[in-house]
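Working through the structure, step by step
The chain contents come next:
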Amino acid sequence: MDGSTSLAADAGAVLPIGEIGSLPLTLDLDQVLAGRLLVQGSSGAGKSRTLRRIVEEAFEYVTIMLVDPEGEFENLARHIGATTLRADEISPEGLSAAALRARHHRLALHLDLSDIEPDELIVKAAAFFAGLMNSPAEDWSNTVLVAIDEAHLLAPHLAASARDAETRRQGVAALTELCSRGRKRGIGTVVATPRLATLASSVVSTLRNVLIGFNLFDRDVGRAAAILGLSASEANRLRQLQPGEFFAFGPALSRRPQLARIGPSITVHTGATPDIVGPADLTADEAASLLDVDGLHDSGAAARPGRDRHGAARAIDSFLLEPSAAAAARIVDALRRIAPNATTAAELAKHLGLDGGAVDQALDLLAELGAVDTMPKGDARIARLSPRLRLRVVDAPVVGLS
């Protein structure tokens, strides 16, 4: 990159990440901490490899927090000496505490968010971000770079359904705050996503530096062109980029958008598309033997009566014999119709024609079964369906009891 386009400082951490023609493309780490970075490109554009290259160059200068929704960066974590936290084994509160402690002691972390449900993924990532943001002022000088892959899973532009809206708001708020208010706390963010249209606009608007690669869909091309300042005719170039080619723009990269090629990473991207392999050359009988089709039929028939039917029957019997079962069933039906929203015990009593004591007893029963989230008894007691049930109910636009 020539002197007319580069804003990389002479002092500080200037990371080599690729080339613009025959000239080097460098990333000014100080400017990333000040203005954040978006890495965006459709599947196959090379965004995950780009994220790897940045982390590999940066980890000797700044503490890395690697947020990994798909569980694809464990080898990168080993390379930089980061400790892996598996989110399926740690509570949200535990992740907040881990972020606080790692920040204080300048410890690199790899947060593996794979193998958990989408709503839980958002909740746990938000808790981790909250821990970083809540670090005491004396730790703000312990600068960190938070590298986030598949950020649209943590802060989606739109909720998948009405029942996901509240969780989405939590995720969007947490990531937006991390990006917008992290600078003064010594937190820089690198946010990677395959589609601009699926990442919350409040997050995108905070990112002053961009690496934008191949895009296919009209909405993504339009938003990317607007960020880069490309005309409608120039925007079509985004559909013609090769893997590893990105437009670089922003204070940390270039004064004007320039087409660059990102250099190779040391670690191998484990999420790369496998080579095509044909099916096994077997007869139908050989395939049936390998599948043990007869054994599958027998094991399924044997398991259902002994475990599923009898165990479920005992649980149902216990519930039906509870004096509050009838009221509890009516409450579940009422909460189902307003999911994912909550309501108060007083509103439930009024809506169902029950007294407050009956509603409290029924809510206690449902809480024991894990069917509702509710507060202890009191004038302000609220209730809503548990996440498990919210995932099963039909989407409903109703937001209050009538």
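What counts and how
- Residues numbered from 1 in each chain as written.
- Predicted model: local features only at pLDDT ≥ 70, side-chain atom pairs only at ≥ 80, totals over all residues.
- Heavy atoms only, no water.
- Core = buried A, V, L, I, M, F, W, Y, C linked by side-chain atoms within 4.5 Å.
- Buried < 20%, exposed > 50% of the residue type's maximum accessible area, 1.4 Å probe, protein only.
- Helix = DSSP H or I, 4+ residues; strand = E, 2+ residues; numbered from the N terminus.
- Contact = heavy atoms within 4.5 Å.
- Arc of directions from axis to C-beta.
- Pairing = 2+ DSSP bridges.
- Axes fitted to C-alpha atoms, helices over the stretch in contact; angles between N-to-C directions.

1. Quick word on the nonpolar core
Grouped together as the largest cluster of nonpolar side chains are 53 residues, with contacts concentrated most on F128, F129, V146 and I148. Broken down by element, the residue count for this core peaks at 8 residues, all from helix 5 (residues 118–133). Setting aside its immediate chain neighbours within four residues, I148 contacts L51, V67, F129, L154, L175, L178, V190, V191 and A192. V32, F73, A82 and A108 belong to the second largest nonpolar core, which has 34 residues in total.

2. A few points about helix 8 (residues 218–228)
Given 3.6 residues per turn, any residue in an α-helix points the same way as the ones three and four places further on. If you check which residues of helix 8 are buried, you get D220, V221, A224, A225 and L228. Angular distribution of buried residues about the axis of helix 8 spans 125°; they occupy a single face of the element. In helix 8, those exposed residues whose orientation departs by more than 90 degrees from the buried face are D218, R219 and A226. Turning to helix 8, the residues buried within the fold contact strand 9 (209–212), helix 9 (232–235), strand 10 (245–250) and strand 11 (254–262). Of the residues one or two after helix 8, G229 is the one with positive phi, at around 75°.

3. A closer look at the sheet that holds strand 14 (residues 382–385)
Taking strand neighbours across the sheet as the criterion, the 3 strands line up as 12-14-13 in an open arrangement whose pairing is antiparallel. If you trace the sheet from one side to the other, it starts and ends with strand 12 (343–344) and strand 13 (372–374), each paired once. Across 3 bridges, the pairing between strand 13 and strand 14 is antiparallel. Across the sheet, the residue bridging to D373 is R384, located in strand 14. Its contacts with the sheet place helix 12 (residues 325–338) against strand 12, strand 13 and strand 14, and it is angled at close to 75° to strand 14.

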